[in-house]
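Each chain is listed here by its residues.
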Amino acid sequence: MRSRRAVVGVVFFAVALALLVWSVLGRRDELGDALTRLDAGTVALSLVLACAGLVAQMLSWRSLLAATGDAPPLGAAARIYYHGQLGKYVPGSVWAVVAQAELGRAHRVTRARSAVVALAALAVLLVVGGAVAVVGLAAASPGSLSTYWWAIAVVPLGIIGLLPPVFNRLVALALRLMRRGDDPVRVGGPGLARSAAWALVMWLLFGAHAAVLVADLAPGDPGRAAVLGTGAFALAWVVGFLVVIAPAGTGPREAALVLALAPLLSSADALLVALVSRVLMVVADAGAAGAAALLARRGPARAPAEAPAVPATPPDPGPGTGSA
């Protein structure tokens, strides 16, 4: 059974990686044109910021995993998360959650717990991202909120949903619907708070990843470029996430980013930022998956659950006792 899961995992990873590479190669012409207009140092800095954002994203997820029980070591957690995240490039929107659940089983994380943590982590990213989008767009371009008024409504509802009493009731209901009611999963307030804090760090880094590209094309107002770029990227991610039929939000995310950057960039320049950002995020996802594989390979081997340590010299049972 274990060998079958290993084969399925390898096939899934290969398919996801192939789709990821295809998504980059399909835009090689646009990327080549972009590199003639953007400074190479700016593109490199944007890639570094995207990679740093992915680290914060994984730590946000791991904070929730630790809040529900024992969490695997950092290297193993990175492999579960980053390899599972490749599933978002497979059409269907659920494959990232399914992949994380299967990868987590090797580290004694139940499917129910993996699913709850994965969905909770997405909810945290969505709520914090909505808040960042509202603040960024309100500060840089107040008029744009009239177009994205729904984001203002989503944020308070999301915050209420993430309050531990409400959140844990929603989790219990979901587990009953999944017929996993006998496998309770609860998330404490401190774990949710740590996850939200790491999510905020992630959004600031991802925002900076987009903002440096915007500032390169609109050098006259770097402060506004930083604020608008951060808010616009967060809004675009939220839109891409809500359009579940698009793998990794492809299409809707770029369209939303172009519209949100309109106060500062022309449509052509905003589309350039959207395309370069997409390619850099794909490259960062691939790099994170590769780095996680190396960390897991170099990490210490786990002791199998069925072979506990046995003392070399059993203690003397003492008088008056015998074997059962």
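For the structure, check the block above.
The paragraphs below set out a description of the structure included in this document. (Residues numbered from 1 in each chain as written. Predicted model: local features only at pLDDT ≥ 70, side-chain atom pairs only at ≥ 80, totals over all residues. Heavy atoms only, no water.)

1. Observations concerning the overall build of the protein chain
Heads up, the rule is: Strands here are runs of E lasting at least two residues and helices are runs of H or I lasting at least four, both read from the DSSP assignment and numbered beginning at the N terminus. Here's how the labels work: a residue is buried when its accessible area is under 20% of the maximum for its type, exposed when over 50%, partly exposed in between, all with a 1.4 Å probe on protein chains only. Residue contacts are defined here by distance: any two heavy atoms, one from each residue, within 4.5 Å place the two residues in contact. All accessible areas in this document rest on Shrake-Rupley with a 1.4 Å probe, and a residue is counted as covered only by the protein chains that are shown.
What the protein chain contains, in helices and strands, is 12 helices and 0 strands. Its helices and strands in sequence order give the protein chain the pattern α-α-α-α-α-α-α-α-α-α-α-α, from N to C terminus. The buried share of the protein chain, reckoned over its 324 residues, is 44%. Sequence-distant contacts in the protein chain: of pairs separated by 6 or more residues, those separated by 24 or more amount to 74%. Carbon and sulfur atoms provide 69% of the accessible area of the protein chain, an area that totals close to 16300 Å².

2. Remarks on the nonpolar core
Applied cut-off: Working definition of a nonpolar core: buried Ala, Val, Leu, Ile, Met, Phe, Trp, Tyr and Cys residues. They are joined through side-chain atoms within 4.5 Å.
With 71 residues, the main nonpolar core has Trp61, Leu64, Tyr82, Trp203, Leu261, Leu265 and Val273 as its most contacted residues. Contributing elements (two or more residues each) for this core: helix H3 (40–67), helix H4 (74–85), helix H6 (111–140), helix H8 (164–177), helix H9 (189–217), helix H10 (222–242), helix H11 (252–260) and helix H12 (267–298). A total of 13 residues in this core trace back to one element, the largest contributor, which is H6. The contacts of Leu64, once residues within four sequence positions are left out, are Val117, Ala120, Ala121, Val124, Val187, Gly191, Leu192 and Ser195.

3. Some points on the pattern of salt bridges
What counts, and what does not: A pairing counts as a salt bridge when a side-chain nitrogen of Lys or Arg comes within 4 Å of a carboxyl oxygen of Asp or Glu.
With the rule as written, the count across this model stands at 1 salt bridge. Of the charged contacts in the structure, one is a salt bridge between Glu254 and Arg278, with a shortest N-O distance of 2.6 Å. Of this pair, Glu254 sits in helix H11 while Arg278 sits in helix H12, and the two are 24 residues apart along the sequence. This pair shows no difference in class: Glu254 is buried, exactly as Arg278 is.

4. Considerations on the packing of aromatic side chains
As a reminder, the rule being used: Pairs were defined over the aromatic rings of Phe, Tyr and Trp, the Trp ring being its six-membered one, requiring ring centres within 6.5 Å. Orientation was assigned from the angle between planes: stacked under 30 degrees, edge-to-face over 60, tilted for the rest.
The final tally for this structure, using the stated rule, is 5 aromatic pairs. When the centroid spacing of 5.1 Å and the interplanar angle of 35 degrees are considered together, the rings of Trp61 and Tyr81 count as tilted. Of the two residues, Trp61 is situated in helix H3 and Tyr81 in helix H4; the sequence distance between them amounts to 20 residues. Residue classification places Trp61 among the buried residues on the basis of a relative accessible area of 4%. The exposure class of Tyr81 is buried, given its relative accessible area of 4%. Look at Trp203 and Phe206: their rings are 6.4 Å apart centre to centre, the planes differ by 80 degrees, and that puts the pair in the edge-to-face class. Placement of the pair is Trp203 and Phe206 together in helix H9, with a separation of 3 residues, close to one helical turn. Residue Trp203 shares its accessibility class with Phe206, and that shared class is buried.

5. As for a nonpolar patch on the surface
Applied cut-off: Excluding any residue in a salt bridge, patches collect residues exceeding 30% relative accessible area, merging like charges within 9 Å and nonpolar Val, Leu, Ile, Met, Phe, Trp and Tyr side chains within 5 Å.
There is a patch of nonpolar side chains on the surface, built from Ile160, Leu163, Val166 and Leu170 and spanning about 330 Å² of accessible area. Looking at the secondary structure, you find Leu170 in helix H8. Judged by its relative accessible area of 48%, Leu170 falls in the partly exposed class.

6. Focus on H4
To keep things clear, this is the line we draw: Working rule for helices: expected span equals 1.5 Å times residues minus one.
Over its 12 residues, H4 runs 16 Å from end to end, which matches the ideal 16 Å to within 8%, given 1.5 Å per residue. Taken as a whole, H4 has its buried residues at Gly75, Ala76, Ala77, Ala78, Ile80, Tyr81, Tyr82, His83, Gly84 and Gln85.

7. Re the side chain of Ser195
Counting through the fold element by element, Ser195 comes out in helix H9. In this view, Ser195 contacts Ser60, Ser63, Leu64 and Val124; residues no more than four positions away in its chain are not counted.

8. Let's talk about the side chain of Ser60
Mapping Ser60 onto the fold places it in helix H3. Residues in contact with Ser60, not counting those within four places in the same chain, are Val124, Leu125, Ser195, Trp198 and Ala199.

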